[in-house]
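Residue-level listing of the chains:
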Amino acid sequence: MPRSRKVLLFLPPYAGPVFGAPFGLLSLAGALRKAGFEPRIVDGVLDADYRRTIADEIRDCCCFGVSLLTGPMILRAIEVSRMVKRIRPDLPVVFGGWHPTLETAQTLREDFVDIVVRHQGEATLVELLLRLESGTPLDLVTGCWFKRDGHIIQNPDRPASSLSQLPPPAYDLIDFDAYQRATGERKLPYATSIGCPYACTYCTDMVFYNRRFNAYDPGRVVKDMTELAARYQLSEIALLDSNFLVDIRRATAIARGIHDSGILFKWTFQASTNLLCLLTDAEVRLLGKSGVCHIGFGTESASPEVLRHMNKPHQNISDMYEAAAKCARAGIRVTFNLIFGFPGEKERHRQETLRVVGDIARQYDNVSFSPNLFTPYPGIPIWPELEALGLREPDSLADWARVDLGADNLPWLSGASLRRLETGIRYLLLHRRIKHAWRHSRSGIIRALLDLAGTPLHWRLKHSFFSCPWELLLASVRGHAAVRRSLLTGQPLSKYLAHNPARSR
């Protein structure tokens, strides 16, 4: 009988809400299909019985592939891969994605991993499968490391392919109805580009993509997005690009093309505030008219000292205000992502950040905040400094499962300092929610009461005075249940994180 060409690709479950179909696996599936293989995808977030599904599917597979980010999903990857090896000891198990690329040797030391595909994986995975099929050694396959007789063989990295040279992702493998039931929206993640030219010292994007911006041309993006929206009745497309506005002419051309197509859908992206500020008001309004409803900005801090340490010379505090104002005039919601606890950050730096973002919240109703604790991901350039501060780099794949986005594991930020920061964050979020309610209330009495409630909160943020937090206690007793659950529970800072597994590291 002919050998099977079925390849099973697995995304382990992650914490938080379902984000959408696994775009990276869809891209791999497109390349596999073009080469004559039969890809199947198991999304562990969507399939609650993923273990049984995988156990059934691998019986006639030629390969089992796992895509992995750093964090708790590693534990499920380990569990399932060991199960696969018990059922099919002969089956090649291939790991790929962010974490295996950044910690390749450590990942390959596990007895349930045979091969690691590094960086961009489409061409590498196809080539290594063709070689496995023909019985040819993997020594000359660029872009992968593998084991032979217990020894790790390190092949050279494969040069990145232009995105336009890759086959289209296998969108037809998506059960859009199932994702809609899970998320409440008919939504698709999509990438128009990969890479970012900046070199922020906390970000793994610069390591994974070597600071190279690799993008589709505007015409391809407009065609893809409008056809996908129409074909699958999408209400929203969430761009996964690390920094969509790197080429602002390209970005505005995409917005213009979508607007002129007449096909209506919402879309969102991530960018840096300095690039948004290069756009005119008319160009930002064009983004809004084309369907852009939300932009996430990696502002990280409002302390110039901390920003310099992060190697973010492109980030200015004034840009935060200007980006908020331009997006407000265009009807676009904004989230400022914040990192607290960065090495070298002092109490005064955190106070300055809370003061600035509190002031922005007071002025602009379209702005929200995503506060996170610094997360020491693998491969980032400042690991020597982190070790000098007492942080130990995990020495096994399983240990990296504890390095979760927002986890409280920083030896230099704990105890009273951490509790004070958490209180400040709760004040920031409560202040922002009161301001939002004020903007949307038509009652003069309600507005007056909200003004009265918001004034002491703004004063607290401005002066970093968080002692005797009676407002938080009052809100937790008399506030709406959803507010109490999301903002005022007194949980660790990690509980405030809106988990987004697609967010670039």
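What you see is a predicted model; the values in this text were computed from it and never measured. (Residues numbered from 1 in each chain as written. Predicted model: local features only at pLDDT ≥ 70, side-chain atom pairs only at ≥ 80, totals over all residues. Heavy atoms only, no water.)

Caption draft 1: Expanded view of the packing of aromatic side chains. Applying the stated criterion to the full structure yields 17 aromatic pairs. For the ring pair Phe-10 and Phe-64, a centre distance of 6.2 Å and an interplane angle of 25° mean the geometry is stacked. Highlighted residues: Phe-10 in strand E1 (residues 6-11) and Phe-64 in strand E3 (residues 63-67), separated in sequence by 54 residues. Phe-64 carries the same exposure label as Phe-10, and that label is buried. Note on Trp-98 and Tyr-209: the rings are 5.7 Å apart at their centroids and 90° apart in plane angle, and the pair reads as edge-to-face. (Phe/Tyr/Trp six-rings, centres within 6.5 Å; stacked < 30°, edge-to-face > 60°. Helix = DSSP H or I, 4+ residues; strand = E, 2+ residues; numbered from the N terminus. Buried < 20%, exposed > 50% of the residue type's maximum accessible area, 1.4 Å probe, protein only.)

Caption draft 2: Quick peek at the sheet that holds strand E4 (residues 93-96). Here seven strands make up an open sheet; going across it, the order is E2-E1-E3-E4-E5-E6-E7 and the pairing mixed. Two strands in the sheet have a free side with no partner beyond their single neighbour: strand E2 (38-43) and strand E7 (151-154). Shown here is a sheet whose adjacent strand axes are inclined to one another by a mean of 20°, direction ignored. Set on the sheet, helix H2 (residues 50-57) makes contact with E1, E2 and E3; between it and E1 the angle comes to about 165°. Its contacts with the sheet place helix H6 (residues 122-134) against E1, E3, E4, strand E5 (115-117) and strand E6 (144-148), and it is angled at close to 150° to E5. (Pairing = 2+ DSSP bridges. Axes fitted to C-alpha atoms, helices over the stretch in contact; angles between N-to-C directions. Contact = heavy atoms within 4.5 Å.)

Caption draft 3: Representation of the environment of Asp-111 in the model. Inspection of the secondary structure assignment puts Asp-111 in the loop between helix H5 (104-108) and E5. Its relative accessible area of 64% is what places Asp-111 among the exposed residues.

Caption draft 4: Up close: the pattern of salt bridges. Per the counting criterion, the structure on display carries 31 salt bridges. Between Arg-402 and Asp-399 there is a salt bridge, with its nearest N and O atoms 3.3 Å apart. By relative accessible area, which is 16% here, Asp-399 ends up buried. (Salt bridge = Lys/Arg side-chain N within 4 Å of Asp/Glu carboxyl O.)

Caption draft 5: Quick peek at helix H3 (residues 73-87). Look at H3: 21 Å from first C-alpha to last across 15 residues, which is about the 21 Å you get at 1.5 Å a residue. Those residues of H3 that sit buried are Met-73, Ile-74, Ala-77, Ile-78, Val-80, Ser-81, Met-83, Val-84 and Lys-85. (Expected span 1.5 Å × (residues − 1).)

Caption draft 6: Structural view of the environment of Ser-370. Looking at where Ser-370 falls in the secondary structure, it is placed in strand E15 (residues 367-373). Along the primary structure Ser-370 and Ser-318 are separated by 52 residues, whereas in three dimensions their C-alpha atoms are 19 Å apart.

Caption draft 7: Structural view of the sheet that holds strand E8 (residues 187-190). In spatial order, the strands read E8-E11-E12-E13-E14-E15; together these six strands make up an open sheet with parallel pairing. This sheet does not close on itself; its edge strands, each paired only once, are E8 and E15. Each neighbouring strand pair of the sheet contributes to a mean axis angle of 20°, computed without reference to strand direction. Where helix H15 (residues 347-363) meets the sheet, it contacts strand E14 (333-340) and E15, and its direction lies at approximately 170° from that of E14.

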